[in-house]
Amino acid sequence: MDSSDGKKRMNVEGEDRLSSLPDDLIYKILSFIGIEYVVQTSVLSSRWRFIWTSMPYLDFSMERIYHPHKLSKFITHFFSSRNNQTEVSSIKLGFNEEDNQDIDVFVQQIMEYAFSHNIQQLNVACLFHEFGVEFPHFLSSSRSLKHLSVTKEHVSATPYLKTYVVKVPSTWEFPALTTLYLHDVTLCCDENTDNCIDLFPKCANLKSLTIKSCYMGVKVLSICLPLLSNLTLESNHGHVKVFNIVSPQLKNLTMKCDSKYYSRYARERQYRISAPDLVFLLYRGYDHLQLYTNGFLSLEKADICVSSPKDAHEVLHLLPRLHNVKSLTLNLEIVEQLSSSVELMSHPPSPFVNLRSLKIYPTSEHWRVEKHKSGKMSAELKRYLLDASPGAIVTMVSREDVRAIKNTRLAQNLTTKLMALLQQVRSDIETIMAKIYEQRKAQVDKVIVADWNVHWCWEMLSERIEKREEKPSGVISKLNEILKLLRTLPASNRATIQPSISTLWAEADIVMNLMTDLMKMYFDEKRRHLSVCCHELATTL
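The structure presented is a predicted model; accordingly, all values stated were derived computationally and were not measured.

**Student:** With reference to specific residues and values, describe the environment of Ser144.
**Tutor:** The topology assignment puts Ser144 in the loop between α6 (137-140) and β4 (147-151). Along the chain, Ser144 and Phe174 lie 30 residues apart, while their C-alpha atoms are 8.7 Å from each other. With residues near it in sequence (within four places) discarded, Ser144 still touches Asn118, Ile119, Gln120 and Ala176.

**Student:** Could you give an account of a nonpolar patch on the surface, naming the residues involved and the relevant values?
**Tutor:** Taken together, Leu18, Leu25 and Ile29 make up a surface patch of nonpolar side chains, about 240 Å² in accessible area. In this fold, Ile29 is placed in helix α2 (residues 23-30).

**Student:** Help me get a handle on the nonpolar core, residues and values and all.
**Tutor:** Across soluble globular proteins, nonpolar side chains have a tendency to be buried as a group. Judged by nonpolar contacts, the single largest core of 99 residues is most densely connected at Phe60, Ile91, Leu122, Leu209, Leu281 and Leu322. No other element matches the 6 residues that helix α5 (residues 103-116) contributes to this core.

**Student:** Describe the sheet that holds strand β16 (residues 270-274), naming the residues involved and giving the relevant values.
**Tutor:** The strand order across the open sheet formed by 5 strands is β8-β11-β14-β16-β18, and the pairing between neighbours is parallel. Of all the strands in the sheet, the pair left with one neighbour each is β8 (196-198) and β18 (290-293). The average undirected angle you get between the axes of adjacent strands in this sheet is 15°.

**Student:** Give me the packing of aromatic side chains: which residues, what numbers.
**Tutor:** Considering all chains together, one arrives at 7 aromatic pairs under this definition. Both rings, one in Phe74 and one in Phe78, keep their centres 6.4 Å apart while their planes meet at 20°; by these two values the pair is stacked. Here the residue Phe74 and the residue Phe78 both occupy positions in helix α4 (residues 68-81), the gap between them amounting to 4 residues, near one helical turn. For Phe74, a relative accessible area of 16% puts it in the buried group. Plain terms: the ring middles of Phe243 and Tyr271 are 5.4 Å apart, the flat faces sit at 5° to each other, and that makes the pair stacked. One end of the pair, Phe243, is in strand β14 (residues 242-246); the other, Tyr271, is in strand β16, and 28 residues separate them in sequence. By relative accessible area, which is 7% here, Tyr271 ends up buried. A connected cluster of aromatic rings, assembled from ring pairs, spans Trp52, Phe60, Phe74, Phe78, Phe79 and Tyr113. The ring of Tyr57 carries the charged tip of Lys28 above its face, separated from the ring centre by 5.0 Å. Over the ring of Tyr292 we find Arg272, and its NZ or CZ is 4.7 Å from the ring centre.

**Student:** Break down α2 for me, with residues and values.
**Tutor:** What sets the pattern is the α-helix's 3.6 residues per turn: residues three or four places apart point alike. Along α2, the positions that sit buried rather than exposed are Ile26, Tyr27 and Leu30. With its buried residues spanning 105° around the axis, α2 presents them on a single face. Among the structural elements, α3 (35-40) and β1 (57-60) are those in contact with the buried residues of α2.

**Student:** Summarise the environment of Tyr181; cite the residues concerned and give the values.
**Tutor:** Its place among the elements puts Tyr181 in strand β6 (residues 179-183). Look at Tyr181 and you get partly exposed, because its relative accessible area is 27%. Put simply, Tyr181 and Ser149 are 32 residues apart on the chain and 4.6 Å apart in space, counted from C-alpha to C-alpha. Contact partners of Tyr181, with chain neighbours within four places excluded, come to Leu148, Ser149, Val150, Thr151, Thr210 and Lys212.

**Student:** With reference to specific residues and values, describe the side chain of Ser341.
**Tutor:** Turning to its location among the elements, Ser341 is positioned in the loop between α9 (332-339) and β21 (357-361). Taking the relative accessible area as the measure of exposure, Ser341 reaches 11% and is therefore buried. Looking at Ser341, its side chain comes within polar contact range of the main-chain oxygen of Gln337, at 3.5 Å.

**Student:** A description of unusual backbone geometry should follow, citing residues and the corresponding values.
**Tutor:** If you check the backbone angles, Ser213 has positive phi at about 55° while not being a glycine. You can see Ser213 is positioned in the loop between β9 (208-212) and β10 (215-216). The phi angle at Ser235 is positive, at roughly 55°, despite the residue not being glycine. With respect to the secondary-structure elements, Ser235 resides in the loop between β12 (230-234) and β13 (237-238).

The rules behind the values
- Residues numbered from 1 in each chain as written.
- Predicted model: local features only at pLDDT ≥ 70, side-chain atom pairs only at ≥ 80, totals over all residues.
- Heavy atoms only, no water.
- Helix = DSSP H or I, 4+ residues; strand = E, 2+ residues; numbered from the N terminus.
- Contact = heavy atoms within 4.5 Å.
- Patch = residues over 30% accessible without salt bridge, like charges linked within 9 Å, V, L, I, M, F, W, Y side chains within 5 Å.
- Areas by Shrake-Rupley, 256 points an atom, 1.4 Å probe, with all protein chains shown as cover.
- Salt bridge = Lys/Arg side-chain N within 4 Å of Asp/Glu carboxyl O.
- Core = buried A, V, L, I, M, F, W, Y, C linked by side-chain atoms within 4.5 Å.
- Buried < 20%, exposed > 50% of the residue type's maximum accessible area, 1.4 Å probe, protein only.
- Pairing = 2+ DSSP bridges.
- Axes fitted to C-alpha atoms, helices over the stretch in contact; angles between N-to-C directions.
- Phe/Tyr/Trp six-rings, centres within 6.5 Å; stacked < 30°, edge-to-face > 60°.
- Lys NZ or Arg CZ within 6 Å of the ring centre and 35° of its normal.
- Arc of directions from axis to C-beta.
- Polar contact = N/O pair within 3.5 Å; in protein donor to acceptor, adjacent residues only side chain to side chain.

In structure tokens, the structure reads:
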């Protein structure tokens, strides 16, 4: 390589490529770190001195617990030094402080600044204190805020004793809001509405709403949003007995009920839905779904899973309400329940006139042994589901299939891990053996070898041999574990991983032979040293 090429490479290696990036890209990169670290970049160079003052993405997720005075001083200095002409695109709030009553003051200060600078996205992930917090009323009138996320942050050793209460008044407006995500918060309505609440009625532009693991104290909750397209209700608990959902543009609806929150309210819960444009419906629950609707005329796909169905009547009450569906997925436990009640399907006609595919799968690979839990579909149920759509493709996944898929993945993961281990062991052994050969050659050629090098070589060898994963027994035990899994798999599943297994066997054979050679060298060398010591001792006496 000539000198000019060397100079060019040195210039490239010494170039500050990050500083040469446009400001917008630097802002995006810095948005992934806390604002206190962003401010610290001002000391890097003159190019970085004022970058932070124009940051549109502000992350106040403080990793350290600030003393109230220091935190107040930092926030005041930050906002007073920031370029006041730059709008705020997004703010993240995440204060890990439980007992500091002043946190609310700081949050108020930050939100006021965000409101005055046309904030578009706000993520709140913090636990203020056990009494909860009320969102500032002025923020709900923001005409720029489009995305809002509020989650609970577990920072206590006993988080279940704490609660993050968001007081939701009926005056919440958020006229520009399109996305709202609420996770693990308590929704409180006005004091005069304890039995029924119309949730966020003034959020006219809301298109995506997620309410997950939230506590709701009302009995009837209505969601009437004209532009809502995606709605997720997951693992919510409390006293809600009726969900009224009126959304003419709703496309995707997901409803999940976590069994750990399962109560008599959840068991009796009703979903009254008016969503004529619904395309996708997913339900996961412990018990049956009480669904009341005026019809899903555009329904493309429905995935219904009832992990512990108890009443075939309730299931047969639900299915006709999905009559327009094109792709239907049911869990095997529903099919087994219906197949044990064939008398209920002797008269009603098949409701599925547009069905193209039917998939049946088990929620668990194990099931208690009962006569009617055969894992098969009765002829009567098959007629009920498919008579109106005889061309529909049926895919039925058995519990044996699920176990085979699970064991195949497990065998693949173990094979990958063991292959990586064997390759590392092989590399280590080959390195040590090369050192030993070099040492022997040096001794044969009467070249002086430093004592520390000899000792290091044999200490490394002793250490490697002592490690369990490099013992032959450790490798063999892992191979036996994989072999045990392979014996449980059908031939088709074994065939998919056969190439990787063959490669593993070959590598294991090489490593085992290397281990044997290395240990032989180790013991031969120990025996040689012992002979030398005995000879020296005999000649001295």
